[in-house]
Amino acid sequence: MDNNKRPENMERITTAALAEQFIQEQVKEIQNQVGDKKVLLALSGGVDSSVVAALLIRAIGQQLVCVHVNHGLLRKGEPEQVVEVFRNQMKANLIYVDAVDRFLDKLQGVAEPEQKRKIIGAEFIRVFEEEARKQEGIRFLAQGTIYPDILESGPVKAHHNVGGLPEDLQFELVEPLRLLYKDEVRVVGDALGLPAGMVYRQPFPGPGLGVRCLGAITRDRLEAVRESDAILREEFAKNGLEGKVWQYFTLIPDFKSVGVRDNKRADEWPVIIRAVNTKDAMTATVEDVPFALLQHITNRIVNEVKGVNRVCYDLTPKPTGTIEWE
Ligand code: XMP
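**Focus on the overall build of the protein**
Then, number 1: The secondary structure content of the protein amounts to ten helices and ten strands.
Then, number 2: Taking 326 residues into account, the globule formula puts the C-alpha radius of gyration at 20 Å, and the protein, at 21 Å, falls close to it.
Then, number 3: In terms of its C-alpha atoms, the protein occupies a principal-axis envelope of roughly 70 × 40 × 35 Å.
Then, number 4: Taken across its 326 residues, the protein has 52% of its residues classed as buried.
Then, number 5: Across the protein, contacts joining residues at least 24 apart in sequence account for 77% of those joining residues at least 6 apart.

What follows is the structure, encoded as structure tokens:
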């Protein structure tokens, strides 16, 4: 039997009861596979790696070693939430790596989008490798691979693979979600007791805010994109758009325009809001956000986010625009 092919008669996991059944089967399977050995997991805090972590904590507890790499490109509050949920609440064995300076130093002056992605990916592997080497007796590597990653359908780039580790760090894989679709992963995450904000989170690219801080990343613009994104998310949540809109975020270009602040002309950055709906990310339509809400968000961003004097709303569907700007 092909372990990576979803059996045609496999029931879709849509209820808590079905999720519980899946969890119990997987717990047994993981325990059989792993025995008393240690398992390493790169825990980003995204839906898939979080659900894998919670499942493995249930199955093997302290034999799981989670590594959370804070590369400085996560959304506001995310690294803190990973520590709170997994270390404080679930009592996981969690290694938190503050690699912010390392990533930002490597990215300094790099403007080309694919080059930025390569640097972020390569540096991530390097940090993860260093942490893996510090651990004794790791035999397995857990990954949040899900069925669409295996099918390689759609342009949502596979980001679960910690491939690229050197030869002597090739561990046996543990991929308990590999036959599940995203909606099923969420139901399982719910059943495992993960917070809704983590389980029903919108898609977020692996290179994170790195591709939303256009051109060469600077710390001040990165902070501006993080803060404006937090305001957008807060307002969408308050106004019933969280969970309704497929993906929404802000981005910041690498140019300034003139404006007025404190009765003086001042050159500051614009922030652009993107809010789209899609089924498969191949095409997308723009959310019809109420104008008054856009005005309210604009007011908050220009008043609360340092260095930003304009807000624009991107009205472009995909095609011709892609969802991200770079
Ligand atoms: P585009 O911009 O191609 O985005 O219309 C389609 C979906 O893919 C996400 N995306 C990425 N995800 N690494 C990722 O893990 C990336 O480099 C990347 N680039 C785009 C994007 O957020 C959207 O959901």
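The discussion continues.
**Describing the pattern of salt bridges**
Opposite charge on two side chains allows them to pair when their charged atoms are near.
Then, number 1: The final tally for this structure, using the stated rule, is 30 salt bridges.
Then, number 2: Arg300 serves as the salt-bridge partner of Glu235, at 2.7 Å between the closest nitrogen and oxygen. Taken together, the residues span a long stretch of sequence, with Glu235 in helix α9 (residues 219-238) and Arg300 in helix α10 (residues 291-304) at a distance of 65 residues. Across this residue pair, the class does not change: Glu235 and Arg300 are buried.

**Topic: the layout of surface pockets**
Then, number 1: Quantified by volume, the second largest pocket comes out at close to 360 Å³.
Then, number 2: In terms of lining, the second largest pocket is formed by 15 residues, of which the most central are Met10, Phe22, Glu25, Gln26 and Leu179.
Then, number 3: Across the lining of the second largest pocket, the residue classes break down as eight nonpolar, three polar and four charged.

**With respect to the packing of aromatic side chains**
Then, number 1: Going through the model one piece at a time under the given rule, you end up with three aromatic pairs.
Then, number 2: Between the aromatic rings of Phe124 and Phe128, the centroid separation amounts to 6.2 Å while the plane-to-plane angle is 5°, which identifies the pairing as stacked. Of this pair, Phe124 and Phe128 both sit in helix α5 (residues 113-134), four residues apart, roughly one helical turn.
Then, number 3: Directly above the aromatic system of Phe249 lies the positively charged group of Arg212, at a separation of 3.7 Å from the ring centroid.
Then, number 4: Above the ring of Trp269, the side-chain terminus of Lys256 is found at 4.8 Å from the ring centroid.

**Side note on the pairing of strand β2 (residues 64-70)**
Then, number 1: Within β2, seven of the seven residues are buried, leaving the element largely enclosed by the surrounding structure.
Then, number 2: Side-chain alternation along β2 places Leu64, Cys66, His68 and Asn70 on one buried face and Val65, Val67 and Val69 on a second face that is also buried.
Then, number 3: In this structure, strand β1 (residues 38-42) lies alongside β2, joined through four bridges in parallel fashion. Counted as the bridge partner of Ala42 is Val67 from β2.
Then, number 4: Considered for its hand, the β-α-β crossover made up of β1, helix α2 (residues 47-60) and β2 is right-handed.
Then, number 5: Relative to strand β3 (residues 93-98), β2 runs parallel, the two sharing six bridges. Bridge pairing in β3 links Cys66 to Leu94.
Then, number 6: Between β2 and its parallel partner β3, the chain crosses via helix α3 (residues 78-89), and the hand of that crossover is right-handed.

**Here's the deal with the sheet that holds β3**
Sheet strands associate in pairs through backbone hydrogen bonding, adopting either a parallel or an antiparallel arrangement.
Then, number 1: With parallel pairing, the five strands of this open sheet are ordered in space as β3-β2-β1-β4-β5. In this open sheet, the two strands that pair with only one neighbour each are β3 and β5 (172-174). Between one strand and the next, the sheet's axes are offset by a mean angle of 30°, whatever the strand orientation.
Then, number 2: With three bridges joining them, strand β4 (residues 138-142) and β5 adopt parallel strand pairing. Counterpart to Leu141 in the pairing with β5 is Leu173.
Then, number 3: Packing against the sheet, helix α1 (residues 16-34) makes contact with β1, β4 and β5, and its axis sits at approximately 165° to β5.

Thresholds, definitions, all that
Residues numbered from 1 in each chain as written. Predicted model: local features only at pLDDT ≥ 70, side-chain atom pairs only at ≥ 80, totals over all residues. Heavy atoms only, no water. Helix = DSSP H or I, 4+ residues; strand = E, 2+ residues; numbered from the N terminus. Rg over C-alpha atoms; globule rule 2.2 N^0.38 Å. Buried < 20%, exposed > 50% of the residue type's maximum accessible area, 1.4 Å probe, protein only. Contact = heavy atoms within 4.5 Å. Salt bridge = Lys/Arg side-chain N within 4 Å of Asp/Glu carboxyl O. 1 Å grid on protein atoms, 1.4 Å probe; cavity = no way out; pocket = protein on both sides within 12 Å on 5 of 7 lines; lining within 4 Å. Points joined across faces, edges and corners; volume = space filled by probe spheres on them. Nonpolar A, V, L, I, M, F, W, Y, C, P; charged D, E, K, R; others polar. Phe/Tyr/Trp six-rings, centres within 6.5 Å; stacked < 30°, edge-to-face > 60°. Lys NZ or Arg CZ within 6 Å of the ring centre and 35° of its normal. Pairing = 2+ DSSP bridges. Right-handed = clockwise from strand over helix to strand, strands pointing away. Axes fitted to C-alpha atoms, helices over the stretch in contact; angles between N-to-C directions.

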